[in-house]
Each structure stands twice: as C-alpha cells, then as structure tokens.
Amino acid sequence: MASTAADTAATSLADLKSAYEKDGWCEPPFRFSDDAVALLQERVLSISREQRPEVVHEKDSGTVRAIHGCHTFDEVCAALVRLPRLVELAEELAGGPVYVYQFKVNLKQAHEGAAWPWHQDFAFWHEEDGMPSPDAVNIAVSLDDVHEGNGPLTALPGSHRLGLLDLPEDRTDGTESDWRSHVSADLAYTVNDDRAQALAAESGRKVFTGPRGSVQVFHPSIVHSSSNNLSADRRALLLITYNAVANSPAHPTRPAFLVSRDTTPVERRADERLDLVSY
C-alpha cells in the first residue's frame, strides 16, 4: 500500500523525536522562505530601536544584545508561535499541549556581539522559576546566515542526559539573583569550561551553522555556548521556547517577558506571510 502524506509526516516526527532524545537536538526538514525571514528581520529591527525593558543591551554599551517577549506585543511574532508545523513539533517533543514559555531574539552585532558561556537553559528555568522538569523545547530560527566567524551556537550532543551541572551553592544571604544576570554575558548559571571541554572531547560538538531561515531544535538541558562575533556579519537567532502545559512553574517571579504567565495551550494557525519551505 502506498504511503500517504500523513504517514510520511508521522515518520518524520518520529525520526526527529528519536534524534532529539538521543542527541538533545534535531533539525526539521524545512526552513523559512526568504520573504518570511525578511519580514521577521524587519520586525526585529523595529523593536530593537525601542526603549523598553524587553530590549537588552551589551554590557557597558548601547548595542542591542537581545529582545524578549516579542510575541506578546508584535503581531508577526505572535503569528509565528502559532504556526502549525512548529506547534506540532513542539507538542511531539514536549509530550503534550504546549504554551510559549519564552520568546527571544539573540543578536550578535558585527564585531560587537559578545559570547555566551557554556550553560544549560533548564538551570535558569528550574532554579529561578521552579519549572518541575525539562519537558520544554527550544526552536531556533536563524534570521541571518550563520557561519563559524559570527558566533554560532555550539552544543554538546548527549549532554542533556546528564542532569543539571555545576549549579552554584544555595544562596544563604536571603537575596534573589538579578534577572539581568540571566540575559547578559555574565550568566548566573554556567557549566565549568573544563567540564565542557571534556564532554566535547568525548561526544563532539554540534555547531549550528547554515543559511538564514534554517530551523534547529534543542533540549533545555543540553550544554551549549556561542563565541564572540568577530566578523562583519550580524548573527540574529530567534528562539521560541514551548513548555508543556502540565510542566508550568507554579509561582514564577521573574518578569513576564522572561517567563510567561499565560499557560493557555497554543492554538495552531497558519499564516501565509510566514511560509515554510521543505528541504
């Protein structure tokens, strides 16, 4: 019997889930069209010019490092998180209905974009927000061509299966960490560089390079980093974090643009402006 499109899609999802569970990352067989990327670039540039708390700058600089929570105030970003193929993939990998936990765009400006040290996203979400388990998924969309010179994200395959690493000792002075240390180059939770190098020597590295519009998916607990942008090319990476509704933190305290309070399951909705092209 000839296979149907539904059979092929199901097989593809199963393959992606298998790779995700084994390696901590996977690459869907589609990308965003040039027109879709151009529209997203336009919205990111416009938001970056605004003076608002969601726009974070490099340390001691006016250079924009990241923007957060755009899907709550920009209609194009809001449409992006509802795209059926993204939501379907997130539901498969997270194990059930999902909501948007975080939305951000990390911007490494030409010659200025600073590195992100080795870290695990789930360390922040568990320690600061009280997320019970890593039943969430990061979907990354490259808004620029990404190459070795402009600070690509680099992950250590299989490290998501090791649990949380190198957590700092509990704070004993009763203070809470400043959320700004969760979005700057001086991260509050990092993985020891020697440990990361040892893991890389054992399991290798996955460097997320590719043309604009590329889509990559990675696990909340995978150890990852990125280098300084030493090139003349900007590197903008849009990241949607979908969390399983059943895994939502009970009492998050960080700003809502970092940790969404709305745990309503995302409803799938197609948008012809944000078309995906199959490989």
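Up top is the structure these notes are about.
A short tour of the structure in this document, coming up. (Residues numbered from 1 in each chain as written. Predicted model: local features only at pLDDT ≥ 70, side-chain atom pairs only at ≥ 80, totals over all residues. Heavy atoms only, no water.)

### A short note on the pattern of salt bridges
For clarity, the cut-off: A side-chain nitrogen of Lys or Arg and a carboxyl oxygen of Asp or Glu constitute a salt bridge if their distance falls within 4 Å. Helix numbers and strand numbers start at the N terminus; a helix is a DSSP run of H or I with at least 4 residues, a strand a run of E with at least 2. Burial classification: accessible surface area is computed with a 1.4 Å probe over protein chains only, and a residue below 20% of its type maximum counts as buried, one above 50% as exposed, and the rest as partly exposed.
The final tally for this structure, using the stated rule, is eleven salt bridges. The partner of Arg234 in a salt bridge is Asp144, and the shortest N-O contact between them spans 2.8 Å. Pair noted here: Arg234 is in the loop between β11 (224-226) and β12 (235-244) and Asp144 is in the loop between β7 (136-142) and β8 (153-155), with a separation of 90 residues, a long-range link. The class of Asp144 is buried, set by a relative accessible area of 9%. As a salt-bridge pair, Arg195 and Asp166 come within 2.9 Å of each other at their nearest N and O atoms.

### Side note on the packing of aromatic side chains
Stated formally: We call Phe, Tyr and Trp rings a pair once their centres come within 6.5 Å, taking the six-membered ring for Trp, and we label the pair stacked below 30 degrees between planes, edge-to-face above 60, and tilted otherwise. Only lysine NZ and arginine CZ atoms are considered, and such an atom sits over a ring when it is within 6 Å of the ring centre and within 35 degrees of the ring normal.
Counted according to the given criterion, the structure contains five aromatic pairs. Aromatic side chains Trp25 and Phe208 sit 5.9 Å apart centroid to centroid with 90 degrees between the ring planes, which places their arrangement in the edge-to-face category. One end of the pair, Trp25, is in strand β1 (residues 25-26); the other, Phe208, is in the loop between β9 (206-207) and β10 (215-218), with 183 residues separating them in the sequence. Just as Trp25 is buried, Phe208 falls in that class too. When the ring of Phe124 is compared with that of Tyr189, the centres are 5.0 Å apart and the planes differ by 85 degrees; the resulting orientation is edge-to-face. Taken together, the residues span a long stretch of sequence, with Phe124 in helix α5 (residues 121-127) and Tyr189 in the loop between β8 and α6 (193-203) at a distance of 65 residues. There is no split in this pair, since Phe124 and Tyr189 are both buried. Of the aromatic side chains, those joined through ring pairs into one cluster are Trp25, Phe208 and Phe218. The ring centre of Phe73 lies 3.7 Å from the NZ or CZ of Arg52, which sits over that ring. The lysine or arginine in question, Arg65, covers the ring of Trp116, its NZ or CZ lying 3.8 Å from the ring centre.

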